[in-house]
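# Coordinates in review
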Amino acid sequence: MPQFTVDEDIAALVERLAKPKPFENLSFNAALRRVLQEHIKPKKVDVELERLLAESLAAAKKEPKKTPSPSAELWAASVPELKGKGGLGDWKAICVHLKIDPAGDSARRKLKNWVKAYRPNWPSVPEISSE
């Protein structure tokens, strides 16, 4: 890293512009950094970009992140073997009842594949709508 020789009058000017608090012992580097951060203002374009970024992040937070899953209860009621069975209000409960282990996957997706493979005469498990 290059080293620079600094004249005493420049060092004194940097120290004065840094406005150290009483009894604050600033190194030359810390004082220069403070002066540069204080006296070099961001360009108007940078400020405008930051504002637009903040607005877009705020808008993204307002949008829902997930599409709601179709009703497991309605699907279970449409399957004669599951109709009238209590406690089948969600996809995981249906998987537990049928002894299907989702193994960390989506219970609805796991059930959909299981129905295709083992119960093709049952109504198909509904897809998540992209409305």
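This text gives an overview of the structure that appears in the document. Just so it is clear, the model here is predicted, and its values are computed rather than measured.

## A look at the overall build of the protein
- Of regular secondary structure, the protein possesses six helices and zero strands.
- In terms of C-alpha radius of gyration, the protein reaches 33 Å, well past the compact-globule figure of 14 Å for 131 residues.
- Projecting the C-alpha coordinates of the protein onto the three principal axes gives extents of approximately 90 × 30 × 30 Å.
- The proportion of buried residues among the 131 residues of the protein is 19%.
- When contacts within the protein are restricted to residue pairs at least 6 apart in sequence, those whose partners lie at least 24 apart make up 25%.
- For the protein, the computed accessible surface area is about 10,900 Å², with 56% contributed by carbon and sulfur atoms.

## Topic: the packing of aromatic side chains
- Applying the stated criterion across every chain yields a total of four aromatic pairs.
- When the ring of W114 is compared with that of Y118, the centres are 5.8 Å apart and the planes differ by 40°; the resulting orientation is tilted. Residue W114 and its partner Y118 are located together in helix α6 (residues 107-118), separated by four residues, close to a single helical turn.
- Looking at Y118, the relative accessible area reads 55%, which means it is exposed.
- Each residue in the set W75, W91, W114, Y118 and W122 is aromatic and connected to the rest through ring pairs, giving one cluster.

## A closer look at the nonpolar core
- Membership of the largest hydrophobic core comes to 17 residues, with the highest contact counts inside it found for W75, L82, W91, I94, L98, L111 and W122.
- For this core, the elements supplying multiple residues, two or more each, are α4 (72-77), α5 (91-97) and α6.
- Those residues in contact with W91 that sit more than four places away from it in its chain are S69, P70, S71, A72, W75, A107, R108, L111, V125 and P126.

## Some words on the side chain of R108
- Within the secondary structure, R108 is located in helix α6.
- Buried and without a salt bridge, R108 has E127 as its closest oppositely charged side chain, separated by 4.6 Å.
- Within the local environment of R108, its side chain forms a polar contact with the backbone oxygen of P126, the two atoms lying 3.0 Å apart.
- Ignoring anything within four residues of it in the chain, the contact list for R108 reads S69, P70, W91, V125, P126, E127 and I128.

## Brief notes about the pattern of salt bridges
- Inspection of the entire model under this criterion finds four salt bridges.
- Among the salt bridges present, the one from R34 reaches E24, with a minimum N-O distance of 2.8 Å. Here E24 lies in the loop between α1 (8-18) and α2 (28-39) and R34 lies in helix α2, a separation of 10 residues in the sequence.
- Of the charged contacts, one joins E55 and R51 as a salt bridge, the two residues approaching to 2.4 Å between their closest N and O atoms. In this pair, E55 and R51 are both assigned in helix α3 (residues 44-62), four residues apart and thus about one turn of the helix distant.

## Re α6
- When the terminal C-alpha atoms of α6 are compared, their 16 Å separation across 12 residues agrees well with the 16 Å that a helix rising 1.5 Å per residue should span.
- Listing the buried residues of α6 in full gives A107, R108, L111, K112, W114 and V115. One side of α6 holds all its buried residues, which, seen down the axis, span an arc of 170°. Those residues of α6 that are exposed and angled more than 90 degrees off the buried face are K116 and A117.
- Elements in contact with the buried residues of α6: α4 and α5.

So, how was this worked out
Residues numbered from 1 in each chain as written. Predicted model: local features only at pLDDT ≥ 70, side-chain atom pairs only at ≥ 80, totals over all residues. Heavy atoms only, no water. Helix = DSSP H or I, 4+ residues; strand = E, 2+ residues; numbered from the N terminus. Rg over C-alpha atoms; globule rule 2.2 N^0.38 Å. Buried < 20%, exposed > 50% of the residue type's maximum accessible area, 1.4 Å probe, protein only. Contact = heavy atoms within 4.5 Å. Areas by Shrake-Rupley, 256 points an atom, 1.4 Å probe, with all protein chains shown as cover. Phe/Tyr/Trp six-rings, centres within 6.5 Å; stacked < 30°, edge-to-face > 60°. Core = buried A, V, L, I, M, F, W, Y, C linked by side-chain atoms within 4.5 Å. Lys, Arg positive; Asp, Glu negative; His and termini not counted. Salt bridge = Lys/Arg side-chain N within 4 Å of Asp/Glu carboxyl O. Polar contact = N/O pair within 3.5 Å; in protein donor to acceptor, adjacent residues only side chain to side chain. Expected span 1.5 Å × (residues − 1). Arc of directions from axis to C-beta.

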